[in-house]
Amino acid sequence: MIDARKHTLDSVKKLTDYSDFNLYKMDICYDYSIDKIIDRGIFDDESALGAILQEVLPDYPVNLKMPNFGCSAFTMKNPDSVMMGRNYDFKNDTSSMLVYCLPKEGYRSVAFAALDNVGANNPELSDETRLATLLSPFSLDGINEKGVSIAVLTLDSKPVRQQSGKPVIATTLAIRLILDRAASTEETVTLFEKYDMFASSGRDYHFYVTDSNGDGRVIEYDCNSDDRKLVVTKSPAVTNFFVMYKNFVKPYQKNGVYGHGRERYDKIMNVLEKNNSYTKETAWEALVSASQAPNPNDITSNTQWSIVYDNTNL
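Residues numbered from 1 in each chain as written. Predicted model: local features only at pLDDT ≥ 70, side-chain atom pairs only at ≥ 80, totals over all residues. Heavy atoms only, no water.

(A) Structural detail: the environment of K166. Structurally, K166 is set in the loop between β8 (149-155) and β9 (168-170). Accessibility expressed as a relative area gives 37% for K166, which makes it partly exposed. Considered as a pair, K166 and N87 are 79 residues apart in the sequence and their alpha carbons are 32 Å apart. If sequence neighbours within four positions are ignored, K166 has contacts with E193, K194, Y195 and D196. (Helix = DSSP H or I, 4+ residues; strand = E, 2+ residues; numbered from the N terminus. Buried < 20%, exposed > 50% of the residue type's maximum accessible area, 1.4 Å probe, protein only. Contact = heavy atoms within 4.5 Å.)

In structure tokens form, the structure reads like this:
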């Protein structure tokens, strides 16, 4: 193994001491190329994961799966800072990795990865689980040094598979692309527009992004469009329904292709609307209001972590 990957593995540190699932941190010391991953071609889950593995773990056999994502997210703005709150909800319990990344050709960032998605809830268990943590840069949410924060959330519609002839990008790869290269929400949208989207793991998704100016937008692929047109909607919050079709979504029920989780959206909005000024305590109140208990029959239940990204003060 080359030294950079060994240094990355050596940087892994356990931050909590719970019985089953824990929080870890790591510093990404090896180089990777998003462009090379995309150039290898993404046609399905196998090719998407293979393209990433070939870049990150060449010549090392690791059994991995593509993840699913639930969740809630929102933006708060006050005179001193802009914050993004985020709950990661998924029915399977997971350890998580706090990922510090400093790419040679990109912005510094901090992100969260679910270790259950790469079969590494206990990185100390074996050489294979240690190696699997090297996939952590392809995360589920994060913030970069320009004050851009982004999160991915699942939907109930048919998985998007655009085929307009643009280069194809998959779900977690899009998160890393934005953290490495976007300095604003507007730049995030421009980057998304350059690619065809492939939604991995047989699920559909949308993305929530905000920046240090408080420009919170939801990036979605219209479920009522034959070519799954990219649509961007300004919104202070998002859960697991199409914000562009918010008026078609009722709380406490499934709403067909339009999604679910309206009740969590409403709870977050109630917290934000009742406060005259926003603090980290406000963000925590909103996250608690939208958190979910475990439900084995609901893929977007069971809040795994809650985090507030401060886009202004980093």
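Anyway, onward from the coordinates.
(B) Main features of the pattern of salt bridges. Under the defined criterion, the tally for this structure stands at 17 salt bridges. Across the salt bridge formed by R217 and D215, the nearest N and O atoms sit 2.7 Å from each other. Measuring nitrogen to oxygen at the nearest pair gives 2.7 Å for the salt bridge that ties E285 to K274. On the criterion of sequence distance, the pair formed by E285 in helix α8 (residues 280-290) and K274 in helix α7 (residues 262-274) is long-range, its members being eleven residues apart. By relative accessible area, E285 is classed as partly exposed at 29%. A single salt-bridge network, built from bridges that share partners, covers E186, D215, R217 and K234. (Salt bridge = Lys/Arg side-chain N within 4 Å of Asp/Glu carboxyl O.)

(C) Spotlight on the packing of α7 against α8. At a minimum axis distance of 8 Å, the contact between α7 and α8 shows a crossing angle of 155 degrees. Classified by the angle between their axes, α7 and α8 sit roughly antiparallel to one another. At the point where α7 passes α8, the crossing takes the right-handed sense. Mapping the contact onto sequence places R264, K267, I268, V271 and K274 in α7 and T282, E285, A286, S289 and A290 in α8. By residue class, the composition of the contact of α7 with α8 is four nonpolar, two polar and four charged. (Axes fitted to C-alpha atoms, helices over the stretch in contact; angles between N-to-C directions. Parallel < 35°, antiparallel > 145°, perpendicular 65-115°, else oblique. Left-handed = near helix turned anticlockwise from the far one by under 90°. Nonpolar A, V, L, I, M, F, W, Y, C, P; charged D, E, K, R; others polar.)

(D) Fine view of helix α5 (residues 171-181). The buried fraction of α5 is high, at ten of eleven residues. Of all the positions in α5, only T171, T172, L173, A174, I175, R176, L177, I178, L179 and D180 are classed as buried.

(E) Structural view of the side chain of N311. Considering the arrangement of structural elements, one finds N311 in the segment after β17 (303-310). Note on N311: relative accessible area 1%, which makes it buried. A polar contact is formed between the side chain of N311 and the backbone oxygen of G147, at a distance of 3.2 Å. Within the structure, N311 has its side chain in polar contact with the side chain of S149 (distance 3.1 Å). In contact with N311, not counting residues within four places along its chain, are V82, I143, G147, S149, T210, D211 and S212. (Polar contact = N/O pair within 3.5 Å; in protein donor to acceptor, adjacent residues only side chain to side chain.)

(F) Broad picture of the sheet that holds strand β14 (residues 237-238). Here we have four strands laid out as an open sheet, ordered β14-β3-β4-β17, and antiparallel in their pairing. Single-partner strands in this sheet number two, and they are β14 and β17. Both strand β3 (residues 72-77) and strand β4 (residues 82-89) contribute to a ladder of six bridges, which runs antiparallel. Looking across to β4, one finds that F74 is bridged to G85. Along the sheet, α7 contacts β3, β4 and β14; its crossing angle with β3, the most-contacted strand, is approximately 15 degrees. (Pairing = 2+ DSSP bridges.)

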